[in-house]
Amino acid sequence: MGKKEMIKNETICALATTTGGALGIIRVSGPDAISVVRSVCRPVKETIPANTDYQRFLSKCG
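> Pulling in residues and values, what's your account of the overall build of the chain?
On a plain count of helices and strands, the chain comes out with 3 helices and 2 strands. Counted from the first residue to the last, the chain has its helices and strands arranged as α-β-β-α-α. For the chain, buried positions account for 3% of its 62 residues. Counting contacts in the chain only where the partners sit at least 6 residues apart, residues at least 24 apart contribute 3% of the total. When the accessible surface of the chain is summed, it comes to about 6,000 Å², and 56% of that surface belongs to carbon and sulfur atoms.

> Just give me the short version of the environment of threonine 11, but keep the residues and values in it.
Tracing the backbone through its elements, the reader meets threonine 11 in the loop between helix H1 (3–9) and strand E1 (12–15). Accessibility expressed as a relative area gives 27% for threonine 11, which makes it partly exposed. Remark: the alpha-carbon pair of threonine 11 and aspartate 32, spanning 21 residues in sequence, is separated by 5.7 Å. Excluding residues that lie within four positions of it along the chain, threonine 11 makes contacts with Val28, Ser29, Gly30, Pro31, Asp32, Ala33 and Val36.

> Pulling in residues and values, what's your account of the environment of asparagine 9?
Counting through the fold element by element, asparagine 9 comes out in helix H1. In sequence terms asparagine 9 and glycine 30 are 21 residues apart; their C-alpha atoms lie 6.7 Å from each other.

> Could you give an account of the environment of proline 31, with specific residues and numbers?
One can find proline 31 in the loop between strand E2 (26–29) and helix H2 (33–40). Leaving out residues up to four positions away in the same chain, proline 31 has contacts with Lys8, Asn9, Glu10 and Thr11.

> Please set out the state of the cysteines residue by residue, giving values where relevant.
Throughout this description, disulfide means a covalent bond between two cysteine sulfur atoms. Throughout the structure, instances matching the rule amount to 0 disulfides. Here cysteine 13 is not disulfide-linked; the sulfur of cysteine 41 is the nearest cysteine sulfur, at 9.8 Å. Taking relative accessible area as the criterion, cysteine 41 reaches 43% and is therefore assigned partly exposed.

Analysis parameters
Residues numbered from 1 in each chain as written. Predicted model: local features only at pLDDT ≥ 70, side-chain atom pairs only at ≥ 80, totals over all residues. Heavy atoms only, no water. Helix = DSSP H or I, 4+ residues; strand = E, 2+ residues; numbered from the N terminus. Buried < 20%, exposed > 50% of the residue type's maximum accessible area, 1.4 Å probe, protein only. Contact = heavy atoms within 4.5 Å. Areas by Shrake-Rupley, 256 points an atom, 1.4 Å probe, with all protein chains shown as cover. Disulfide = S-S within 2.5 Å.

Structure (structure tokens):
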């Protein structure tokens, strides 16, 4: 298997932001990305519509 094929078939998780900040973003990609994320994350009880201003959504909640 060539290097490109191996990279294409791997699922990776990597920190996408610098360490020490207030926000941490983890990038997950590859063929098993969705199952990996589902195994470590729980769905939110209420779905937030796409393109929602998150701060505005929170102020409506409470």
